[in-house]
Amino acid sequence: MRVVHSPRHALHDGGMELHRGELVPCFEMPARADFILQAVRQAGLEVSEPQAFGLESLWGVHDAGFVEFLRTAHAQWRAIGKQGFMLPSGFPARGMRRDHLPSGINGQMGYYAFDAGTPIVQGTWDAAFAAAQCALTAAAWVAEGERSAYALCRPPGHHAGHSTYGGYCFLNNAALAAQHLRERGCARVAVLDVDYHHGNGTQDIFWERADVLVVSLHGTPETEYPYFLGYADERGAGAGEGFTHNFPLPRGTTWAQYSAALDSALDAVARFGPDALVVSLGVDTYVGDPISAFALEREHFPLMGRRLAQLRLPTVFVQEGGYAVEDLGLNVAGVLEGFDA
Ligand code: SP5
Ligand code: ZN
């Protein structure tokens, strides 16, 4: 399978996140993409740079005002005399004016962000837009008839909603790929999210839609990030009712338990009868992941890839999380090689 990747990912670097009461360097770091790139090259996959897509290619998924905020946020930060990474320090909680967008940059950050773990630095917009273009390029290849493609995106995307960012995510790369496939001849598209964390942004974006199925397997939000979405009783609303499926799993989940849930998730995808599949490919389900608590071993990732291939659907893989940096490449390449086998 072909791979699309942009070196511009490295512009998103140098931020800190609030982790257990302390500011620490982000677990989501440029070296992640470097290890993955090395492994996919070693696996013999051809790597290309993304095609150019305009800002308007984001508007089917994201609010235009939100996109403009992301594009200009760091310049606004510099305009008030600040430098370095930006993190929000106040959010519109229950009882507050949730629909009021303050004019100041600190209020705007709190309005659009949902955590204090997703810093914006000077290069964040360029990196996030390049990642979005990678996902759109992979979707374009598959729309043109490729069996599969892999978008090596960084920063990741599945936590970013219609007008929200968080969880290291700014633009929802997988949702952009799904929407692109919808606009390029696929009447129904399924998104299957195997990242350790619930894909709350993807769920938000397609919540009321019946043309895009969203299925996510993840650590239970009772104890795991993002805490406030990802429960089994969330099933979509309006026309989208029944087109969202969540499979929350406990900490310590092994491959035996995971693969049983994966079978149920794949059944849901097969019943939907999509024309194409987008896989939000996080490998933070790995036992060695520093911020997650499943117990998948290296040998399980090719098995996952094999199962995904058995759906026999045109498939776009989009990179999401995974923070055991030195093992990331082999785990990602394992899924892709299992799929291609
Ligand atoms: C794309 C993606 O994987 N985003 C994950 C964002 C997680 N950010 C907050 C993590 C909080 C984890 N709590 C640490 C518990 C350590 N045992
Ligand atoms: Zn994750």
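None of these values were measured; they are calculated from a predicted model.

Draft legend 1. Seen up close, the sheet that holds strand S4 (residues 47-48). Read from one edge to the other, the open sheet built from eight strands follows the order S4-S1-S5-S10-S9-S6-S7-S8, with strand pairing classed as parallel. The strands lining the two open edges of the sheet, one partner per strand, are S4 and strand S8 (244-249). With four bridges connecting them, strand S5 (residues 148-151) and strand S10 (residues 315-319) associate as parallel partners. Looking at the pairing, Ser 148 lines up with Thr 315 of S10. Strand contacts of helix H4 (residues 124-143): strand S1 (2-4), S5, strand S9 (276-281) and S10, with the helix running at about 175 degrees to S5, the strand carrying the most contacts.

Draft legend 2. Region of the structure containing the UniProt feature "domain: Histone deacetylase" (unreviewed entry) in the protein chain. According to UniProt, the positions carrying the feature "domain: Histone deacetylase" (unreviewed entry) are residues 28-337. The span residues 28-337 is 37% helical and 12% strand by assignment, and the distance between its end C-alpha atoms comes to 24 Å.

Draft legend 3. Representation of the packing of H4 against helix H5 (residues 173-183) within the structure. It is the contact of H4 with H5, at a shortest axis distance of 8 Å, that shows an interaxial angle of 35 degrees. The two elements H4 and H5 cross, and the hand of that crossing is right-handed. Note on element contacts: H5 touches H4 through Asn 173, Ala 174, Leu 176, Ala 177, His 180 and Leu 181, opposite Ala 131, Ala 132, Ala 135, Leu 136, Ala 138, Ala 139, Ala 140, Val 142 and Ala 143. Its residues assigned to classes, the contact of H4 with H5 shows 13 nonpolar, two polar and no charged.

Draft legend 4. Region of the structure containing the site of ligand 1. The full set close to ligand 1 counts 14 residues, and Pro 156, Gly 167, Tyr 225, Ile 291 and Gly 321 are the nearest of them. Grouping the constituent residues of the shell around ligand 1 by class yields five nonpolar, six polar and three charged.

Draft legend 5. Inspection of the confidence of the model for the protein chain at higher detail. Per-residue confidence for the protein chain gives a mean pLDDT of 98, with 100% of residues at or over 70. Our summary of model confidence lists the complex with pTM equal to 0.98 and ipTM equal to 0.94.

Draft legend 6. Summary view of H5. Within H5, ten of the eleven residues are buried, which leaves it mostly tucked inside the rest of the structure. Three or more residues of H5 are buried, namely Asn 173, Ala 174, Ala 175, Leu 176, Ala 177, Ala 178, Gln 179, His 180, Leu 181 and Arg 182. At the exit of H5 stands Gly 185, carrying a positive phi of roughly 100 degrees.

Draft legend 7. Spotlight on the environment of Leu 328. Looking at the secondary structure, you find Leu 328 in helix H9 (residues 325-340). You can call Leu 328 buried: it has 26 C-beta atoms within 10 Å. Each C-alpha atom, one on Leu 328 and one on Gln 38, is 10 Å from the other, the two residues being 290 residues apart in sequence. For Leu 328, the residues in contact, after removing those within four places along its chain, are Arg 32, Phe 35, Ile 36, Val 283 and Gly 322.

Draft legend 8. A look at helix H1 (residues 30-42). Between its first and last C-alpha atoms H1 spans 19 Å; for 13 residues at 1.5 Å apiece the expected length is 18 Å, and the two agree. For H1, the complete set of buried residues consists of Arg 32, Ala 33, Ile 36, Leu 37, Ala 39 and Val 40. Buried residues in H1, looked at end-on, bunch into an arc of 170 degrees, giving them a common side. What points out from H1, more than 90 degrees from its buried face, is the exposed set Ala 31 and Gln 42. Packed against the buried residues of H1 are S1, S4, S10 and H9. Following H1 by one or two positions, Gly 44 adopts a phi angle in the positive range, close to 85 degrees.

Draft legend 9. Representation of the pairing of S5 in the model. Burial of the side chains of S5 extends over both faces: Ser 148 and Tyr 150 are buried on one face and Ala 149 and Ala 151 on the other. Bridging between S1 and S5 involves three bridges; their strand directions are parallel. By the bridge assignment, Val 3 is partnered in S5 with Tyr 150.

Draft legend 10. Molecular detail of the nonpolar core. In terms of nonpolar packing, the biggest core is built from 103 residues, with Ala 135, Ala 138, Ala 151, Leu 152, Ala 177 and Val 318 touching the most fellow members. When residues in this core are grouped by element, the largest group, 16 residues, is from H4. Once you skip the residues sitting within four places of it in the chain, Ala 177 turns out to touch Ala 135, Leu 136, Ala 138, Ala 139, Ala 151, Val 278, Val 316 and Val 318.

Cut-offs used in this document
Residues numbered from 1 in each chain as written. Chains lettered and ligands numbered in written order. Predicted model: local features only at pLDDT ≥ 70, side-chain atom pairs only at ≥ 80, totals over all residues. Pairing = 2+ DSSP bridges. Helix = DSSP H or I, 4+ residues; strand = E, 2+ residues; numbered from the N terminus. Contact = placed C-beta atoms within 7 Å. Axes fitted to C-alpha atoms, helices over the stretch in contact; angles between N-to-C directions. UniProt positions renumbered as here; feature names shortened; annotations may be inferred. Left-handed = near helix turned anticlockwise from the far one by under 90°. Nonpolar A, V, L, I, M, F, W, Y, C, P; charged D, E, K, R; others polar. Near = placed C-beta within 6 Å. pLDDT = per-residue confidence, 0-100. Buried ≥ 20, exposed ≤ 12 C-beta atoms within 10 Å, placed from the backbone. Expected span 1.5 Å × (residues − 1). Arc of directions from axis to C-beta. Core = buried A, V, L, I, M, F, W, Y, C linked by C-beta atoms within 7 Å.

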